[in-house]
Amino acid sequence: MALLDSVTTCLSQPVHYVICKLGFEKKDTYDINNILSGNSEVCWQAVTEHVCYLESDQSVDYIKSIRLLGPVCESVNLYFKSLTKEQFVIQYASWFHWTNCTEVFLEVFDVLQYTQDTEVALGLMKLTSCLERALGDVYLLKGNDCPFLLRDLLASEQLADVFGQAVMNVLRVFIGSPCGLNLRNVLWHGFASPQEIPAKYCAMLLFLTAGLGQLLQTYLLQTKCVLVHRPYVVFISLEELDAFPDLNNEILSIAEELVKQSSFVLKTMLPFWISALTAFKQSRYADSVILLLPQLEVGLRLLFTTNNKCPNRLLTAESSALYTTFDEMLAKHLDNEEVNQLPVVLEEPAMASDFLWDFLNHQEGPRIRDRLSHGEVNLETFPREVANQIVGFAITILCRFSDEDMFSFKEHMVIKPLMNCASCYRSRFHPISRLKKQVLECMKSIHLWPELPTVLEEQVQMIKGSEGNAEANTLFLMISEIISQLQHYMPHNCCSSDDIINSVLTERLLMELCDTRICTLYSPRPVLEVVVVLRKISTQCHQVSQQVIAGAGLRYTQWVNKTLRSRQRHNYLRMLNSIKFLSPVLRLILLLITLELVSVHSVCKKNPFDYQQYLKFLKSVLQYTENLVTYTSPEKNKWDETMELTNKILIKIRKISDRKLMLMHLAT
C-alpha cells in the first residue's frame, strides 16, 4: 500500500510536462476569428501556421508546436462553451457525417460544457477511436490494406494527398506520434489520470475533426469519389464468451466498495473505476469497457514492474522506448530472457493470463481492446454480454488484491460464484481450444451420416461383389488393429470386444478426451506448428462430411424421382458403399488428432527428431484429407479413387501408430 500511496502519476516527468504544462506556457489570448470563417469553416492555413519544423530535417518540432497551439486550443474550448447545443448542431453536425459516428462527436460537445475530468478523458478516447476509423475509410479511397497503427496511418501519403501534409502534421501534434501529445496512447494504455488531460485538447480535436470533414467534402466533389464506410465488426457466438454469471446491482455495489480498498487500484485512477461501474449500471456498456481496459492494464503494470523489479517502467516511456503494455506483461519472458514474475504473483496465473489472452490477444477471440480502440465496433450496440465478462473479471482481480480484512467480501455469497468461475476458467480462443471445438463439431456432423436417406441395402450390395467385400474386410481389420494399438491411451472401459470400431470411435469418447485440461499458456512453437496442421486436417474432414451429407441427400431425391442416368445410379451406389468405410476412417482421424493434443507438449519437448518425423506424417494425412475433399465434391464424385486413397492412408497410420506408441511412452 505504501507504494500505491506514493504513486501520484503514471506520466514520466517529460511526458507530464508536455501534456500538462507545455501548452499553457504562452498566456496570449487567441482570437477564434483568426481560424474560423464567417460560415463556421476552419481556416486551415491559420491553424497550420502554428506548427513549427526543425531546421535540420524539416520534421515537425513538436515542443514548439504544442507551445504555440496551446492558446489556440484554449480559444477553441472557450468558443465551444459559448455555443448552445442547438447552435453547435446547426453549425457543425453535418461536418461529422464523414466519420459515421456523428452522435459520438455531439456527445463530446456535451461533455465539454461541464468539464468533468473523467468524462473528458472518456470522450477523448471515443473521439480518437472513431476518428481513426474514419481516417482509415478515407485512406482506402486511394490505397489498400489500411495501416493498423494510427501513427502509420497519419504518416501515410494517401491521407496527405487528400487533406494535405500540413493538415496531417497538425493532427500528429495531438495524436499518433510519441514525440507529440500522444493523447490516444497515454489514455488507452492507462497512463493518464482524469485530471491530467486538459479539456482544451479534446475541444481542439473536435474542432479539427469538423475541419477535416470540410476538406473531405471539397475533395470528394472535385474527384467525384464516394466515401465508403467499412462495416463494423459484430461479436458473434456470444455464448462462447460466457465466463462469469450476470452481474446484478448487489454485486456492482460490493465492487464499488472493493475499488476503494483494493491494492490493485491506484488512487489517482479511482474516478475511472467508479465511472466504469456506473456506466455498466446505466447500460452504457461500451463506455464501461473503454474505461476499464486501461485500468486493468495499469493495475497489472504496477504488479509487473514491482515484481520484476523495474519500477521505472510503471511510467510512460519516452519516444525512444516502448510502453510496458499487455503484450509484454503477458509474455513468458522479459526482454532480458528472465522469467516474467507477473504470472507467478497472480493467484491463478493460468486463469488470469488465459482470460486476458482470450479476450484481448488471440486472433480468433473478440480482441476487445483492439476493436474498441481502433473504432471497429459500433459503440451504441456494444453487447452487454461482452461488458459483463470484462467487469466480472475486473471484480475478481480486485478481490485477489484486497487486504486480509476484506476476506468477508471474497466469501460474500454473491462474489464467491465469480471467484469460482475465475478459478475454473479455461482458454476458449487459443488454437488448441479452437481445435478441440473443431473436432467435436466435425464428429457431430459425421454422426448424422447414419440418418441420411438411402436405398435398400440389397441394391448397394449389387455394386460391391466379392472383391468389394474383401476390400471392406481389409479396411475394417486395419481400423480395428489401429484402435487396439491406441487403446492403452484411452479411458478404460470404452472398448467393446463385440464392436471395437463403433464402441471406441464415438462422440462421447472424444468429448471426454477433449475435456482433458491442457496447458495452453506459453505453448512452444513446435506445439503450435503441430496444432496448425491438425486444425487443417479437422477442417478438411468437416468439409468432406458436409459434402457427403449434401451429396447423399441430393442423389437420393434424384433416385426416388428417377432422374438419374444409368452411370449416375451406379456412381450413387458406389458413394453409399464408400461412405460406410469413410465414416470410421474420419472418426479414427479425429481420435488421432485428440490423442495427439494430449501428448504433443511432452513429445515436442523431449523428442525433437521424432516430432519432426511425426509432423511429416501429419502432413501426409492432411494431403489425404485434401484429396478426399476433391474426390467427394459434387464436381468429381470419384468414389473408387477415394477408397484407394483410404486404403493407403490406413496402411501409413498403422505403421506410424506403432511409432506413436513409443513416443507416448517417452512422453509419460
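An unreviewed UniProt entry annotates the protein as EMARD protein originating from Rhagologus leucostigma.

K.L.:
Describe the environment of Asn169, with residues and values.
P.N.:
In this fold, Asn169 is placed in helix H10 (residues 165-174). As for Asn169 and Met125, which are separated by 44 residues in sequence, their C-alpha atoms are 20 Å apart. Discounting residues that sit within four places of it in the chain, Asn169 has contacts with Val51, Tyr53 and Val60.

K.L.:
Hey, could you go over the packing of helix H4 (residues 62-82) against helix H5 (residues 85-92) for me, with residue numbers and the actual values?
P.N.:
Viewed as axis vectors pointing N to C, H4 and H5 meet at an angle of 115°, and their least axial separation amounts to 8 Å. By the criterion of interaxial angle, the relationship of H4 to H5 is roughly perpendicular. Packed against H4, whose contacting residues are Tyr79, Phe80 and Ser82, the element H5 presents Gln87, Phe88, Gln91 and Tyr92 at the interface. Partitioning the contact of H4 with H5 into residue classes produces four nonpolar, three polar and no charged.

K.L.:
If you had to explain the domain arrangement of the protein to someone new, which residues and values would you point to?
P.N.:
Domain annotation of the protein identifies domain 1 (13-223), domain 2 (238-423) and domain 3 (431-659). Of note, the centres of domain 1 and domain 3, computed from C-alpha atoms alone, are 58 Å apart.

K.L.:
Go over the nonpolar core, please, and point to the residues and values.
P.N.:
Formed by 158 residues in total, the largest nonpolar core has its most connected members in Phe80, Tyr92, Phe174 and Phe382. A total of 14 residues in this core trace back to one element, the largest contributor, which is helix H12 (residues 199-223). Mapped onto the domain boundaries, this core takes at least three residues apiece from domain 1 (13-223) and domain 2 (238-423). Contact partners of Tyr92, with chain neighbours within four places excluded, come to Leu36, Ser40, Tyr79, Phe80, Leu83, Phe207 and Ala210.

K.L.:
How would you summarise the packing of aromatic side chains if you had to cite specific residues and measurements?
P.N.:
Inspection of the entire model under this criterion finds 21 aromatic pairs. Ring plane angle 80° and centroid distance 6.2 Å describe the contact between Phe80 and Phe109, whose orientation is recorded as edge-to-face. Remark: Phe109 occurs in helix H6 (residues 102-112) and Phe80 occurs in helix H4; sequence separation between them is 29 residues. Across the pair, Phe109 and Phe80 agree in class, each one buried. Here the aromatic rings of Phe235 and Phe382 are separated by 5.7 Å at their centres, their planes lie at 85°, and the arrangement is edge-to-face. Of this pair, Phe235 sits in the loop between H12 and helix H13 (249-261) while Phe382 is found in the loop between helix H19 (368-373) and helix H20 (384-400), placing the two residues 147 residues apart along the sequence.

K.L.:
If you had to explain unusual backbone geometry to someone new, which residues and values would you point to?
P.N.:
A positive phi angle, close to 75°, is found at Glu337, a residue other than glycine. Look at Lys562: it is not a glycine, yet its phi comes out positive at around 55°. With relative accessibility at 75%, the residue Lys562 sits in the exposed group.

K.L.:
Before we move on, could you go through H10 and cite the residues and values that matter?
P.N.:
For H10, the tally of buried residues reaches seven of 10 residues, placing the bulk of the element in the interior. Every buried residue belonging to H10 is among Val167, Met168, Asn169, Val170, Leu171, Val173 and Phe174, and all of these are buried. Remark: Gly176 follows H10 within two positions and exhibits a positive phi of approximately 90°.

K.L.:
Which residues make up helix H23 (residues 431-446), and what values go with them?
P.N.:
Spanning 16 residues, H23 covers 22 Å between terminal C-alpha atoms, matching the ideal 22 Å at 1.5 Å per step. Among all positions in H23, only Ile432, Ser433, Arg434, Leu435, Lys436, Gln438, Val439, Cys442, Met443, Ser445 and Ile446 are buried.

K.L.:
If you had to explain the confidence of the model for the protein to someone new, which residues and values would you point to?
P.N.:
A low pLDDT score tells you not to read the predicted coordinates there in detail. Confidence in the prediction for the protein averages 88 pLDDT; 90% of positions are at 70 or higher. Confidence, expressed as mean pLDDT per element, reaches its minimum in the protein at helix H1 (residues 2-6) with 58 and its maximum at H10 with 98. Between residues 662-668, whose pLDDT stays under 50, and residues either more than four places distant or in other chains, the model counts 14 contacts.

K.L.:
Can you lay out the side chain of Thr520 for me, pointing to particular residues and giving the numbers?
P.N.:
Residue position: Thr520 is located in the loop between helix H26 (507-514) and helix H27 (525-560). What makes Thr520 buried here is its relative accessible area of 7%. Ignoring sequence-local partners within four residues, the contact set of Thr520 consists of Asp354, Ser427, His430, Ile432 and Ser433.

What counts and what doesn't
- Residues numbered from 1 in each chain as written.
- Predicted model: local features only at pLDDT ≥ 70, side-chain atom pairs only at ≥ 80, totals over all residues.
- Heavy atoms only, no water.
- Helix = DSSP H or I, 4+ residues; strand = E, 2+ residues; numbered from the N terminus.
- Contact = heavy atoms within 4.5 Å.
- Axes fitted to C-alpha atoms, helices over the stretch in contact; angles between N-to-C directions.
- Parallel < 35°, antiparallel > 145°, perpendicular 65-115°, else oblique.
- Nonpolar A, V, L, I, M, F, W, Y, C, P; charged D, E, K, R; others polar.
- Domains from an automatic or database assignment.
- Core = buried A, V, L, I, M, F, W, Y, C linked by side-chain atoms within 4.5 Å.
- Buried < 20%, exposed > 50% of the residue type's maximum accessible area, 1.4 Å probe, protein only.
- Phe/Tyr/Trp six-rings, centres within 6.5 Å; stacked < 30°, edge-to-face > 60°.
- Expected span 1.5 Å × (residues − 1).
- pLDDT = per-residue confidence, 0-100.

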